[in-house]
Amino acid sequence: MKTDELRENYLSFFEEKGCVRRPSDVLVPRDDRTVLFTPAGMNQFKDQFLGVGKLEFTRATTCQMCLRTGDIQNVGVTAYHHTFFEMLGNFSFGDYFKREAIHWAWEYLTDKKWLGLDPNLLSVTVYKEDDEAYNIWHDEIKLPSNRISREDEHENFWPAGAPSLGPDGVCGPCSEIFYHPNGGKDNVEIWNLVFTQFNRVGDPPNNLKPLPKKNIDTGMGLERTASVLQGVRSNFEIDTLKQLCLAAADTVGIGYEFEKPTGRPIRRISDHVRAITFSIHEGVNPGSEKESYVVRQLLRRALLEGYLLGKHEPFLYQLVPAVVEIMKTPYPDIAKTVANVQRTIKDEEEQFLGVIEKGLTRFEGFLKNAEKQGLSEISGEDAFDLHQTDGFLIELTEALAAKNNIAVDRVEFNTLMKRHKEGSGSGAFLDSVMSEGPLTALHKTTSDTVFKGYETTQAEGKLIGIIAEDRLVESMIEKGHAHPVVVVLDQTPFYAEAGGQVGDIGFLEADGVKFEVINTQKNGGLILHIGHLVQGKLEQGQALKAKIVEPRRSGIQRAHSATHLLHHALRTVLGENAMQRGSKVEEDTLRFDFSHSKALTPEEISQIEDIINQRISEGASVSTELMKLQKARELGAMALFGEKYPDNVRVVQMGDFSTELCGGTHLSNTGQVGLCKIVNEEPVAKGVRRIHALTGSKALEKTRETEKLLQEIAAQLKAPRLDELPQRIHQLQEELRETKKQLLKYSSKSLAGTADELLERAPTVNGVKIVAYHAQDASRDQLRELADHLRKKGKQVALILGTVIDDKVALMAAVNQDLIKQGLKAGDCVKAAAPVVGGGGGGRPDMAEAGGKLPEKLDDALSTGADYYRSQLEG
């Protein structure tokens, strides 16, 4: 069975069991700060497992794309480890439990209608105290006891070791299913059934309290199961990944065979390039923080494998089409970003190859130092410094060291790396899942807030929750709350920050009661009014009139509608690869990030601005419609890749030129934007540009400020009319150029005189004049010019000059060409002098420069340089 067939087969089976088929969640969850990447199929169902919000279904099945790096060292080495992988799952939220989960798993694996695996090649494990699961396997499935293994809490409990070690919260026993091919010699774990049935409270004993509603969370590795069905020894030999391995080997320029030593690096390249392709597709470019850092490290590790195989040029970007080819059936959107993904990967490859070349010089220094001291290894501290400071991966250091028959102190390196990771910290997914704060409690007792803001800016709502000092309270008075308070209503016109649009501000009022809303946020289905009680008393069940600040909302709507116009204009001018990568919409101010590899030209910016304002002048109608996500995609609605969308989405259409998925608030026609002015365009990340623009009154204000500034400049330059400004500026530039020429003539004469004086009093050693001179208040250009004068006037001269610029030392050494043949080099002179002023430098044999940070040591440095010349000439 092919991999794509297995995925569909599994989902169809559980649909027949009443499970709702859900799409894969995004790989990089933007609304979950506890994880960088989606680590498991259950991640998208956190609210359902916690009983938060409205439960629209109680059974689900998915194929979830996941990314984990905990076992990264095993990728390509073992048969089954990956960073990016797909997890087949079926879930129950207070619905079916152990009996159904176990029976269905067995039916799917062994029934000829489905996978038809030989039952005699399957065994299972259960938690040692889980008699219920054991009895189902033994008494109902009829699995003999010698194929049911009872394991401890560290092997068969989720989270591992939870009964004894914690954390507190939702937990439960597991049952794993193993397949034993090759006559039982191999042992492949293909399915894990997790029975979340307890709430851990405190330390043992008697700390596992039964949950009122028990849940099922199962996971079956798609790649592992495909390898079993296809009868191959490794996930990397299945139909999809084998194709990618062959493409990787061909691109690197070697053959691929599983058993060859080159097989492991090719498998690692294949795994990592799949992970980075999906990540960059979702807008996560290589960088220095969080998930961007992970992408950079995966990319560099993959490039390093190719580098060590002899591929010393970018090649990973060439594999993106191969990734798309094997993954486009389940994830068709990935084909839409190929060009941008390739460009981003290639740019990062070129940068890292530069890092390698630079790091090689330092590595060679460490190597020579170890050899000089008779050491058999490079210190872990040196290797760590290369890794952290220069981005020189430890694997490269080890590989190059091995080629020179020397080791690396990996123990010391690992200790330093562990210390670094502990210092930088990380999110804790399980802690978040298990915790139950005031919002979680509120979700369990209330329905979602009804948003009325599309129809009105005022609405009456019932107060259903007050959170003050991190706890739910029944009431509160105006005094005694220094920190903001959260108020939740059953319905509200306040827009909660989402999709780049900021939250509304305004007031919640009743007789004698006034609550000022300074921010509006969302948690699940609840809209949170954040602010301060100005007057009166808030009470549970109270009726409040919610009123937003309308002029601000109007400005936000102008900016948001202009954002859609900007997106349309960018794609018109730059092409379809100019895709949205994020936005921020505030009152008459917008910020828009988009994929593009280079800065926009002034002509392109003008074109984009013209298109936006042309659409504004047309007064095209703006309509919104709620529809099924699939229908919206069929209409061609643009979506933000990596964004998680619900089943029913809001589609915003502007005329016949823009159709986008958007939950924000908008105008009724484009003419209401008034005016849009682009004020800045800049880079924000590799392959991502950002445009800042203004709309409405702020755009008009900006235009007037510019006009006023031009008038002030015209007055100062004595240009009667604004159109005369270019000519007047040109005249001033010509005058300035002429003045500089005169100054340079004067300066040259002065420097020539200084050169004569210096040569006259300079000491002579073996017929060579040695000049060491501290030039007060000189520029670097003046140092060079003085050096040229000295060498022209003196037939045989060796000089070192110095000055202080902005509290930093500048040194320059130079010698005549004839002296170089005698072994006298300017570069060696500055290398001797620069350390005296706390710096370094170098250059050509005839002229070299250096810098330093100790200006008080300049004269000492000049003396050191002169001494170098003297020692060379006297020797």
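Residue positions are given per chain, counted from 1 along the sequence in the order it is written. Note on the predicted model: pLDDT of at least 70 is required for a residue's local features to be given, and 80 or more for side-chain atom pairs to be given and counted; whole-chain, interface and lining totals, by contrast, use all residues. The basis for the side-chain values is all heavy atoms of the structure; hydrogens and waters are excluded.

Let's talk about the state of the cysteines
How we decide: Cysteine sulfur atoms that pair up within 2.5 Å are treated as a disulfide.
Evaluation of the coordinates by the stated rule reveals zero disulfides. You can see cysteine 171 has no disulfide; the closest cysteine sulfur is in cysteine 174, sitting 10 Å from it.

As for the packing of helix H9 (residues 263-281) against helix H11 (residues 320-327)
Packed helices, taken two at a time, are described by the angle between their axes plus the distance between the axes. Spelled out, the test is: For helices, the axis comes from a line fit to the C-alpha atoms of the stretch in contact; other axes are also lines fit to C-alpha atoms, and the angle between any two N-to-C directions lies between 0 and 180 degrees. Strands here mean DSSP runs of E at least two residues long; helices mean DSSP runs of H or I at least four residues long; both are numbered from the N terminus. Oblique is the label for every angle not falling under 35 degrees (roughly parallel), over 145 degrees (roughly antiparallel), or within 65 to 115 degrees (roughly perpendicular). Contact between two residues is taken to exist if any of their heavy atoms lie within 4.5 Å; hydrogens are not considered. Under the convention adopted here, Pro, Cys and the residues Ala, Val, Leu, Ile, Met, Phe, Trp and Tyr are nonpolar, Asp, Glu, Lys and Arg are charged, and Gly plus all remaining residues are polar.
Put simply, H9 and H11 touch, their axes get as near as 10 Å, and they point 85 degrees apart. The angle between H9 and H11 falls in the class roughly perpendicular. Taking contact as the criterion, the partners of Val273, Arg274, Thr277 and Phe278 in H9 are, on H11, Val320, Val323, Ile326 and Met327. Looking at the contact of H9 with H11, its residues break down into six nonpolar, one polar and one charged.

Description of the pattern of salt bridges
As a reminder of what qualifies: Salt bridge, as used here: a side-chain nitrogen of Lys or Arg that lies within 4 Å of a carboxyl oxygen of Asp or Glu. Only protein chains enter the accessibility calculation, which uses a 1.4 Å probe; a residue is then buried when its area is under 20% of its type maximum, exposed when over 50%, and partly exposed in between.
Under the counting rule described, the total for this entry stands at 47 salt bridges. Between glutamate 237 and lysine 242 there is a salt bridge whose closest N-O contact spans 3.6 Å. The exposure class assigned to glutamate 237 is buried, which follows from its relative accessible area of 14%. Across the pair arginine 784 and glutamate 849 runs a salt bridge, and its minimum N-O distance is 3.3 Å.

Structural notes on the pairing of strand E16 (residues 485-489)
Put simply, side chains in a regular strand alternate between the two faces of the sheet. In plain terms, the rule: Note: two strands are recorded as paired if DSSP finds a minimum of 2 bridges between them.
The element E16 is largely enclosed, with a buried count of five among its five residues. By the alternation rule, side chains of E16 split into Val485, Val487 and Leu489 and Val486 and Val488, which are all buried. Sheet topology note: the strand E13 (residues 458-468)/E16 ladder contains four bridges and is antiparallel. Residue pairing across strands places isoleucine 467 opposite valine 486, the latter belonging to E16. Both E16 and strand E20 (residues 526-535) contribute to a ladder of three bridges, which runs antiparallel. Bridging from a neighbouring strand, valine 487 pairs with histidine 529 of E20.

Considerations on a nonpolar patch on the surface
As a reminder, the rule being used: Here a patch means residues that are over 30% exposed by relative accessible area and free of salt bridges, tied together within 9 Å if like-charged and within 5 Å if nonpolar (Val, Leu, Ile, Met, Phe, Trp, Tyr). Surface accessibility follows the Shrake-Rupley procedure with a 1.4 Å probe radius. Residue values consider only the protein chains on display as shielding.
A surface patch of nonpolar side chains, amounting to about 310 Å² of accessible area, comprises Leu709, Leu710, Ile713 and Leu722. Relative to the helices and strands, isoleucine 713 is located in helix H21 (residues 696-716).

Observations regarding the sheet that holds strand E25 (residues 622-628)
Taken in spatial order, the three strands of this open sheet run E25-E26-E27, and their pairing is antiparallel. Of all the strands in the sheet, the pair left with one neighbour each is E25 and strand E27 (658-661). In this sheet, neighbouring strand axes are inclined to one another by 25 degrees on average, regardless of whether the strands run parallel or antiparallel. Here E25 runs beside strand E26 (residues 648-654); their pairing, made up of seven bridges, is antiparallel. Across the sheet, residue leucine 626 finds its bridge partner in E26, namely arginine 650. Sitting on the sheet, helix H18 (residues 550-574) is in contact with E26 and E27, with an inclination near 75 degrees to E26.

Remarks on the packing of aromatic side chains
Spelled out, the test is: Side-chain rings of Phe, Tyr and Trp, where Trp is taken by its six-membered ring, are said to pair if the distance between their centres is within 6.5 Å; with planes under 30 degrees apart they count as stacked, over 60 as edge-to-face, and otherwise as tilted.
For the coordinates displayed, the defined rule picks out 24 aromatic pairs. Each ring, one from phenylalanine 57 and one from phenylalanine 93, has its centre 6.2 Å from the other, and the planes form 55 degrees; the classification is tilted. Here phenylalanine 57, found in the loop between helix H2 (46-50) and strand E2 (59-67), pairs with phenylalanine 93, found in strand E3 (residues 84-93); they are 36 residues apart in sequence, far enough to count as distant. By relative accessible area, phenylalanine 57 is classed as buried at 13%.

Quick notes on the pairing of E3
The buried fraction of E3 amounts to 10 of the 10 residues, a majority that puts the element mostly inside the structure. Neither face of E3 is exposed, since Phe84, Glu86, Leu88, Asn90 and Ser92 on one face and Phe85, Met87, Gly89, Phe91 and Phe93 on the opposite face are all buried. Note that E2 and E3 share nine bridges and pair antiparallel. Bridge pairing in E3 links methionine 65 to glutamate 86. Relative to strand E9 (residues 208-221), E3 runs antiparallel, the two sharing five bridges. Paired with phenylalanine 93 across the strands is asparagine 215, a residue of E9.

Considering the sheet that holds strand E24 (residues 589-595)
Spatially, E23-E24-E29-E28 is the arrangement adopted by the four strands of the open sheet, whose pairing is antiparallel. Both outer strands of the open sheet, strand E23 (580-586) and strand E28 (676-685), are each paired with one neighbouring strand and no more. Along the sheet, successive strands turn relative to each other by an average axial angle of 15 degrees, direction set aside. Examined bridge by bridge, E24 and strand E29 (residues 688-695) share seven bridges and lie antiparallel to one another. In the sheet register, threonine 589 faces E29, and the bridge partner there is leucine 694. Contacting E23, E24, E28 and E29, H18 runs over the sheet at an angle of about 30 degrees to E24.

Some details on the nonpolar core
Selection rule: Among the buried residues, those of types Ala, Val, Leu, Ile, Met, Phe, Trp, Tyr and Cys that are joined through side-chain atoms within 4.5 Å form a nonpolar core.
Counting residues in hydrophobic clusters, the biggest one holds 114 residues, and the most contacted among them are Tyr108, Leu109, Trp137, Trp191, Phe278, Leu316 and Ile345. Broken down by element, the residue count for this core peaks at 12 residues, all from helix H12 (residues 338-372). Contacts of leucine 109, omitting those with residues within four sequence positions, involve Leu115, Gly116, Leu117, Leu122, Ile177, Ile190, Trp191 and Met220. With 30 residues, the next largest nonpolar core counts Ala559, Ala569, Leu570 and Phe657 among its residues.

Brief notes about the packing of helix H10 (residues 290-308) against H12
Where we set the bar: It is the rotation of the near helix from the far one that decides the hand of a crossing: anticlockwise by less than a right angle makes it left-handed, clockwise makes it right-handed.
For the pair H10 and H12, interaxial distance at closest approach is 10 Å and the crossing angle is 65 degrees. In this view, H10 runs roughly perpendicular relative to H12, as classed from their interaxial angle. In this structure, H10 crosses over H12, and the sense of that crossing is right-handed. Along the contact surface, H10 presents Arg296, Leu299, Arg300, Leu303 and Tyr307, while H12 presents Ile345, Glu348, Glu349, Gln351, Phe352, Leu353, Val355, Ile356, Glu357 and Leu360. Of the residues contributing to the contact of H10 with H12, the split by class is nine nonpolar, one polar and five charged.

Things to note about H12
In plain terms, the rule: Take the number of residues in a helix, subtract one, and multiply by 1.5 Å to get its expected span. Axes are fitted to the seven residues ending at a residue and to the seven starting at it; the angle between these axes is taken as the bend at that residue.
Taking 1.5 Å as the rise per residue, H12 with 35 residues should run 51 Å; its terminal C-alpha atoms sit 50 Å apart, in good agreement. If you look at H12, its biggest bend is around 25 degrees, right at leucine 360. In the segment just after H12, glycine 374 is the residue with positive phi, at about 70 degrees.

Notes on the environment of valine 338
Mapped onto the elements of the fold, valine 338 is located in helix H12. Put simply, valine 338 and threonine 415 are 77 residues apart on the chain and 40 Å apart in space, counted from C-alpha to C-alpha. Look past the residues within four positions of valine 338 in its chain and what remains in contact with it is Val320 and Val324.

A few points about unusual backbone geometry
Tryptophan 158 connects to proline 159 through a cis peptide bond whose omega is -10 degrees. Counting through the fold element by element, proline 159 comes out in the loop between strand E6 (157-158) and helix H5 (162-165). Omega for the bond connecting glycine 166 with proline 167 falls within 30 degrees of zero, at 10 degrees, which places this linkage in the cis form. Considering the arrangement of structural elements, one finds proline 167 in the loop between H5 and strand E7 (169-179). Positive phi, normally seen in glycine, also occurs at aspartate 777, with a value near 55 degrees. Take aspartate 777: it is sitting in the loop between strand E31 (768-774) and helix H23 (780-793). A relative accessible area of 75% places aspartate 777 in the exposed class.

Some remarks on the confidence of the model for the protein
Rule in force here: Note on scores: pLDDT gives the predictor's confidence for each residue, bounded by 0 and 100.
The predicted model of the protein averages 89 in pLDDT, with 96% of residues at 70 or higher. Ignoring residues within four places in sequence, the model shows residues 424-435, a span with pLDDT below 50, making 22 contacts including any to other chains.

Topic: helix H8 (residues 239-252)
The following threshold applies: To be clear, the arc concerns the directions from the helix axis to the C-beta atoms.
Taking 1.5 Å per residue, 14 residues should reach 20 Å; H8 reaches 21 Å between its end C-alpha atoms and fits that length. Three or more residues of H8 are buried, namely Thr240, Leu241, Leu244, Cys245, Ala248, Ala249, Thr251 and Val252. Angular distribution of buried residues about the axis of H8 spans 165 degrees; they occupy a single face of the element. The inward-facing, buried residues of H8 abut helix H1 (3-16), helix H7 (222-230), H9 and H11. A positive backbone phi angle near 100 degrees is found at glycine 253, which sits one or two residues after H8.

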